[in-house]
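Next come the chains, spelled out residue by residue.
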Amino acid sequence: MSCFELTQVHYRYDRQPVLRDLSLALAPGQILGLFGHNGAGKTTTIKLILGLLTPDQGRLSVLGGEAGDAAVARHIGYLPENVMFYPQLSGREILRYFARLKRVSETQVPELLAQVGLTDAADRRVRTYSKGMRQRLGLAQALLGSPRLLMLDEPTVGLDPVATAELYRLLQRLRDNGTGIVLCSHVLPGVEPYIDQAAILSAGQLQACGDLAQLRHQADMPVRLSLRSGRGDGLLSALNGHIPTLSTLQPGPDTLVVEVRAGDKMAAIEALLGAGGVDDLQVHQPTLEDLYCHFIQAPSSADAADHRGGA
Ligand SMILES: Nc1ncnc2c1ncn2[C@@H]1O[C@H](COP(=O)(O)OP(=O)(O)OP(=O)(O)O)[C@@H](O)[C@H]1O
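Predicted model, so just to flag it, every value in this text is computed and none were measured. (Residues numbered from 1 in each chain as written. Predicted model: local features only at pLDDT ≥ 70, side-chain atom pairs only at ≥ 80, totals over all residues.)

**Some points on the sheet that holds strand β4 (residues 57-62)**
For sheets, the rule is that strands pair by backbone hydrogen bonds, running either parallel or antiparallel. Stated formally: What makes two strands pair is DSSP finding at least two bridges between them. Think of it this way: any DSSP run of H or I at least four residues long counts as a helix, any run of E at least two long counts as a strand, and we number them from the N terminus. Note on geometry: axes are lines fitted to C-alpha atoms, helical ones only across the stretch in contact, with angles between N-to-C directions running from 0 to 180 degrees.
Strand order across the open sheet formed by three strands is β2-β1-β4, with antiparallel pairing between neighbours. Looking at strand neighbours, the two that pair on one side only are β2 (16-26) and β4, the edges of this open sheet. Within this sheet the neighbouring strands show an average axis-to-axis angle of 25°, counted without direction. Pairing of strand β1 (residues 4-13) with β2, which is carried by seven bridges, proceeds in the antiparallel orientation. In the sheet register, Tyr11 faces β2, and the bridge partner there is Leu19.

Right under this line is the structure:
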């Protein structure tokens, strides 16, 4: 059973279309990064899955049931973008309060505080917490009741790099235990190794969705090979005539940078190494940020169709 499945979902606020023809699914034990600029529709998507909004068109199922159904909602953990707590309560009191609200056992509270690194601050008032500590308390709140689907809206806001890496590692442990996780963010640096799938939203439309290899295949962006060698010209002639290069650059006497199409990468590496004299070789594949920029800038199929229709 999938954690959720949206099929051709449309949503509009008042008369303003916000999500258009959105199809997206998440399997258990997967981390989906949902990326897009401000206003792309990420929070709206999360609210639909939570059952706080209802699609105008299309189908939506969550954990095999209806979004918003109480029996479904109790298996969902949610960390909202701007997390706010009663400042005069301690972290422990807040978690106990939410445990009662969610009707789950309070015995989980000490363990969750430990999981997010707040054991020592558990009995301090939340108004003395840093932004990052409040964010981690928000995560502990989302984890109450061991949710099968966890949705995190901008979870790394306010976290320093070490706390961010710890958060991602915690998410991976949850994922390995079968939790489906949506990580909604416009912060891409550092997230790449921790997600299984990336969905890229722009102006309410899904531009691309898949794992990194699929996105790279779909984008067909050039791969850059950086070589250190005493015989740059010889290497270039080993390539020329066999492998089409998109660009070549010799930034120094011993360095050569070649761009080839993704599909020619292995043949180019073989030709270069076969020519001999290569002291070092680095392969630069498009990063998640490169792919994001590529897909955000690419016209969507609907826009392209509109354009064709208007021409
Ligand atoms: N309650 C609302 N009433 C009217 N329009 C809204 C409402 N909430 C959001 N919108 C609009 O819907 C669009 C999508 O907003 P949404 O919050 O889903 O985007 P987002 O991708 O989460 O953005 P951000 O990264 O800034 O949080 C935006 O144009 C926003 O202005």
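From this point, the narrative continues.
**Observations regarding the domain arrangement of the protein**
Spelled out, the test is: Residue ranges assigned to the domains are those given by an automatic or database domain assignment.
One can read the domain layout of the protein as domain 1 (4-217) and domain 2 (222-285). On a C-alpha basis, the centroid separation for the pair domain 1 and domain 2 is 43 Å.

**Side note on the pairing of strand β9 (residues 205-210)**
Both faces of the sheet carry side chains from a regular strand, because those side chains alternate between them. Where strand β8 (residues 197-202) lies against β9, five bridges are found, and the strand directions are antiparallel. Of the residues in β9, the one forming a bridge with Ile200 is Ala208. In sequence, β8 turns back onto β9 through a hairpin of two residues, with Ala203 there showing a positive phi of about 45°.

**Some thoughts on the UniProt feature "domain: ABC transporter" (unreviewed entry) in the protein**
Put simply, the test is: UniProt positions are given in the numbering used here, feature names are shortened, and annotations may be inferred rather than shown by experiment.
Annotation from UniProt places "domain: ABC transporter" (unreviewed entry) at residues 4-228. Helix and strand shares over residues 4-228 are 31% and 29% respectively, and the end C-alpha atoms of the span are 48 Å apart.

**Concerning the site of the ligand**
The following threshold applies: The rule is simple: place the C-beta atom from the backbone, and if it lies within 6 Å of a molecule or strand, the residue is near it. Residue polarity follows a fixed list, in which Ala, Val, Leu, Ile, Met, Phe, Trp, Tyr, Cys and Pro are nonpolar, Asp, Glu, Lys and Arg are charged, and the others, Gly among them, are polar.
Taken together, Tyr13, Val18, Gly36, Asn38, Gly39, Ala40, Gly41, Lys42, Thr43, Thr44, Glu81 and His186 make up the full set of residues adjacent to the ligand. Ranked by residue count, the leading element in the shell around the ligand is helix α1 (residues 42-50), at three residues. Of the residues belonging to the shell around the ligand, the class tally is three nonpolar, seven polar and two charged.

**Some points on the packing of helix α3 (residues 91-102) against helix α5 (residues 131-143)**
Put simply, the rule reads: Here roughly perpendicular refers to angles of 65 to 115 degrees, roughly parallel to angles under 35, roughly antiparallel to angles over 145, and oblique to all remaining angles. In this scheme the handedness of a crossing depends on how the near helix is turned from the far one: anticlockwise by less than a right angle means left-handed, clockwise means right-handed. Think of it this way: build a C-beta for each residue from its backbone, and any pair within 7 Å is a contact.
Their axes nearest at 10 Å, the elements α3 and α5 cross at an angle of 25°. Taken together, the axes of α3 and α5 lie roughly parallel to each other. Considering the relative orientation of α3 and α5, their crossing is right-handed. Across the interface between the two elements, Gly91, Ile94, Leu95 and Phe98 from α3 touch Leu137, Ala140 and Gln141 from α5. Classifying every residue of the contact of α3 with α5 by side-chain character gives five nonpolar, two polar and no charged.

**Observations regarding the packing of helix α7 (residues 212-219) against helix α10 (residues 288-297)**
Taken N-terminus to C-terminus, the directions of α7 and α10 make an angle of 45°; their axes are 11 Å apart at the nearest point. One way to sum up the angle between α7 and α10 is to call them oblique. The interaxial crossing formed by α7 with α10 has left-handed handedness. Here Leu212, Leu215, Arg216 and Ala219 of α7 lie close against α10, whose contacting residues are Leu288, Leu291, His294 and Phe295. Tallied by class, residues from the contact of α7 with α10 come to six nonpolar, one polar and one charged.

**Looking at the pairing of strand β7 (residues 180-185)**
Selection criterion: Partly exposed residues are those whose C-beta has more than 12 but fewer than 20 other C-beta atoms within 10 Å; 20 or more makes a residue buried and 12 or fewer makes it exposed, with C-beta atoms placed from the backbone. A clockwise course of the path from the first strand over the helix to the second, judged with the strands pointing away from the viewer, identifies a crossover as right-handed.
β7 sits mainly inside the fold: five of its six residues count as buried. Note: strand β3 (residues 31-35) against β7, five bridges, orientation parallel. Following the sheet pairing, Leu32 is matched in β7 by Val182. In this fold, strand β6 (residues 149-153) hands off to helix α6 (residues 161-176), which returns the chain to β7; that crossover is right-handed.

**Topic: the nonpolar core**
Note the following rule: Here a nonpolar core is just a set of buried residues of the types Ala, Val, Leu, Ile, Met, Phe, Trp, Tyr and Cys, joined wherever their C-beta atoms sit within 7 Å.
With 67 residues, the main nonpolar core has Leu32, Ala140, Met151, Val182, Leu183 and Ala199 as its most contacted residues. Membership of the second largest hydrophobic core comes to eleven residues, among which are Val223, Ala238, Leu239 and Val258.

**A look at the sheet that holds strand β11 (residues 245-252)**
Taken together, the four strands give an open sheet; going across it, the order is β11-β12-β10-β13, and neighbouring strands pair in antiparallel fashion. Each edge of the open sheet carries a strand with a single partner, namely β11 and β13 (278-284). Neighbour to neighbour, the strand axes of the sheet diverge by 20° on average, direction disregarded. Here six bridges tie strand β10 (residues 223-229) to strand β12 (residues 255-260), and the two strands are oriented antiparallel to one another. Pairing of Val223 across the sheet is with Val260, part of β12. Against the sheet, helix α9 (residues 265-275) makes contact with β10, β12 and β13, and its axis sits at roughly 10° relative to β10, the strand it touches most.

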